[in-house]
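# Structural overview for review
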Amino acid sequence: MSNDDITPKTTTKIHETDFDEIEQSLILPAEGSCFHCGEILPKEPFFTLIFARQRAMCCLGCQLAAQSIVEAGLSQYYLDRREISPTASLPDAINFEAYNHDDIKKQFIYHENGGSTAELSVANLKCAACTWLIETRLRSMNGVKACQVNLTQQRMRVNWDEGELSIADILKAVHSVGYDAKPYRQDTHEAMLKRQNKQMLIRLGVAALGAMQAMMFSIGIYFGDYSGMLNEHRDFLRYVALFVSIPVFFYSGVPFFASAYNAVRAKQINMDVPVSIALILTFFASLYATITGVGETYFDSVSMFIFFLLAGRYIEQNARLKASNMASDLVVIEPLLVQKITQAENLIANLNEQNLTKNTICRWLDEVDLPSQINRTLDEKVLAQSVKIGDVVAIEAGSQIVADGILLSQEATVSQSLLTGESDLIVKQCGDVLVGGSQNDSQPLIMLVTADVDNSQIALIDRLMNRAMSEKPKIAQDADRMARWFVARVLVLSLLVFAVWYFIDPKQALWATVAVLVATCPCALSLATPIALTVATNRLSALGFLPTRGHTVQTLAAVSHVAFDKTGTLTMGQANLLAVVTDATTDESLAIAAALEVGSRHPVAKALLTAARNLHLPQVDDLSHHAAGGIEGVVNGQRYRIGHASFVSDGDSQKADFVFGKFAEQLQEYQANLSVLLSVWRQGRWQLIARFYFNDPIRSDARALVQSLNKRGIKTLMLTGDPNPNALKVAETLGIDEVYYGLTAEDKVNHIKKLQENGHQVLMVGDGINDAPVLAAANVSTAIAGAADLAQVSSDSVLLGGRLAVIHQAIAVSSKTHTIIRQNLRWALIYNTAVLIPAALGYVPPWLAAIGMSLSSLAVVMNAMRIRRVAA
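Residues numbered from 1 in each chain as written. Predicted model: local features only at pLDDT ≥ 70, side-chain atom pairs only at ≥ 80, totals over all residues. Heavy atoms only, no water.

## Brief notes about the environment of Ala745
Structurally, the position occupied by Ala745 is in helix H28 (residues 745-757). Its relative accessible area of 22% is what places Ala745 among the partly exposed residues. Here the alpha-carbon distance between Ala745 and Gly629, two residues 116 residues apart in the chain, equals 9.3 Å. (Helix = DSSP H or I, 4+ residues; strand = E, 2+ residues; numbered from the N terminus. Buried < 20%, exposed > 50% of the residue type's maximum accessible area, 1.4 Å probe, protein only.)

Put into structure tokens, the structure is as follows:
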């Protein structure tokens, strides 16, 4: 993005000769620090034109803030400010309109589901009620289609109609309920989290120091009560305790008060409301007792209370951030620089026509004299974000491949560990596909870019994973509702406790009420589900099983049946043409068959096109695809069909008197496990003219998967459109319980629905492209999809590495997650219920209630971390 394009012209009138004087008047940051906030600059900083000079900024947020200041004619702000810090006050005229700039929007907004989608970083999320508050506010706005906030990752995902409202309106709405949202980028997001962590640590230090000092003076008061201390001495110690507790209350306690205030202002209740009420009551009651000399003071309890709450949240926040690290690692760290050599539009044209071969690449390389082009462009480094389809770029050894593309070098070694979880190096040859996000291992390579950076596989994986972690399954929604219900009841119960104690012992009424408010706050209840789901999602992704929907983990745990497609699922999906039986010449039949299959992604289509790569393919008109049947089209004025026997014969092959002749299937003779027929419309009927035999090997880990599922008591079945009995042999080899072959897409869906009507939970495993209807019909679905297929997959999860054995591991992780969620919920409910009676009876002092609540939340987080140890 060019700064010249987006830098607004300031209205401040300054003469050229005054700039040197202005520079001397400015408070400048230390070298390598942000001009706006003073934070450390990233390797590739942002820039904004201020007082005729480009000023370095640490992030997009600072860049936009600075541009807004200049645009509003408030550049004087930088002359008047006396400090540079993230918390320095800004001019009131700062607004969010700069985010509506087209160049800015390109960086973080993409189109999805008929609307615009943005990934945002959200600061200061504390609990499930915070996420619910933001979601409720945005969903109430006209134009917002969906909004999911991820507590663990401190991120949100919103989809909206830009015709009705802008991104600035959305950011304003989030700000209006007390939260700060900015466009998500990994480097700036991590910087934000580090700043939050640092600030919380400072607050925790102040609270610890204040708590120790307040306790020291309070002990003196307690002992003085037994030894007959003079009132003057007692009052002095009380004032000193008040003095040391003021920074604890008014600085360290601010996060609780701010969160509660924002919730109440929005007419909602969150976990910090009862906590804040307890703190305010205790502090000001102690203040009253100090000033009047009547009653007891509990400044030590206030300070200890805040310290223990902050300590619990600090540990809990670090555990949650650790749980989400794997998801963050998927995102390409930007900005990256690559050497742009030239452009190759003709290669892209060949690719679009599915006519890009190694010979085509070699001819192009000879024509352009690539070595001299490389030497001429050695210093022409460009941002990875600016790389476009058709660019030819060089990737250094050890660098990340910035986008999906095709290798133009003779050979390269890459690692796809980020994508598949497999650390093995893969040797690529000229013409092979390179996947964005892979790592170039040993030597520089030259590649042709075939997809935008934002549409590369690694970017799609990050979007799918973030969508899965943002969407809340039913169990998480139920837990959130339960926590909100609990908070409301706690407030009512605390009033009742106060009223009862006021008549029994007025001195004890306040402290019993405070203990109830604190001890029964359902923080652990609100954490029980989201932390476990986050850890599980990251664990599954590390195994190469990518959940793309929020309900995936919960539903997998309840699966009773697993249904498999055959071709491309249980088999490798890499068919090889073995033989052609035909009335015409082999080349003639093969050319017609391959021409019909152009554009299809079925393994048979790939095998035919590979076999016919040196043949001239005829023009095909009136092409149509028939689900679970085949393909029909007109070639040289004659209509042809290729596919299963029933389809190519228009159902005649099912009749008893139909004669296949030499086109009868003979799989054993040709050592094949798959065949298709080619027919032509002649003399008023369909006539067979060729049969093609293929071998599609069974996946090496398919049998082990079926055996593992059987041991867990999960039933297995095969649903395939393959009409020949070879499906029975595959099922027998693998040990699958039930087999149904020759099915249409509708038949497969009906089988799934029949199982569901009998109360079964079904996992469907398919190839992700041809099985879309049945994948959608199943309770939960998994697609085995390659790099080119990922964007089209409509399943609930994706096998990134193509290893079937991961399915059993995914079910094991999901089952463990379900168990841990139930344990967490049970523990949270038992704790909140058990502590209620002693707290209401006055046996639990406020500081002990704070310890109990913090330990309860930590127990939930630590229990969820056990999911990471589920065996791979």
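## Looking at the UniProt feature "transmembrane region" (unreviewed entry) in the protein chain
Here, UniProt's "transmembrane region" (unreviewed entry) annotation points to residues 201-224, 236-261, 273-291, 297-315, 486-504, 510-533 and 824-841. Its end C-alpha atoms 26 Å apart, residues 486-504 is made of 100% helix and 0% strand. (UniProt positions renumbered as here; feature names shortened; annotations may be inferred.)

## Here's the deal with the side chain of Arg691
For Arg691, the location among the structural elements is in strand E24 (residues 685-695). A distance of 2.7 Å separates a polar atom in the side chain of Arg691 from a polar atom in the side chain of Ser675. Here Arg691 is in contact with Ala579, Val580, Val581, Phe660, Phe663, Ala664, Glu665, Ser675, Val676 and Leu677, once residues within four sequence places are set aside. (Polar contact = N/O pair within 3.5 Å; in protein donor to acceptor, adjacent residues only side chain to side chain. Contact = heavy atoms within 4.5 Å.)

## Topic: the packing of aromatic side chains
The final tally for this structure, using the stated rule, is twelve aromatic pairs. Ring plane angle 90 degrees and centroid distance 6.0 Å describe the contact between Phe249 and Phe284, whose orientation is recorded as edge-to-face. With Phe249 in helix H9 (residues 231-252) and Phe284 in helix H11 (residues 272-292), this residue pair connects regions lying 35 residues apart in the sequence. The exposure class of Phe249 is buried, given its relative accessible area of 3%. Consider the rings of Tyr502 and Phe503, whose centres lie 6.1 Å apart with planes at 85 degrees: the pair is edge-to-face. Through successive ring pairs, a cluster of aromatic residues spans Phe249, Phe250, Phe257, Phe283, Phe284 and Phe299. A cation over an aromatic ring shows up here: Arg203 above the ring of Tyr251, its NZ or CZ 4.5 Å from the ring centre. It is Arg641 that lies over the ring of Phe647; its NZ or CZ is 4.5 Å from the centre. (Phe/Tyr/Trp six-rings, centres within 6.5 Å; stacked < 30°, edge-to-face > 60°. Lys NZ or Arg CZ within 6 Å of the ring centre and 35° of its normal.)

## Remarks on the pairing of strand E4 (residues 115-123)
Looking along a regular strand, one sees the side chains alternate between the two faces of the sheet. Of all nine residues making up E4, nine are buried, and the element is well covered by its neighbours. As paired elements, strand E3 (residues 109-112) and E4 share four bridges and run antiparallel to each other. Within E4, the position partnered with Glu112 by the bridge is Gly115. Joining the antiparallel neighbours E3 and E4 is a turn of two residues, in which Asn113 adopts a positive phi near 55 degrees. Note that E4 and strand E6 (residues 155-160) share six bridges and pair antiparallel. When the sheet's bridge partners are listed, Ala118 is paired in E6 with Val158. (Pairing = 2+ DSSP bridges.)

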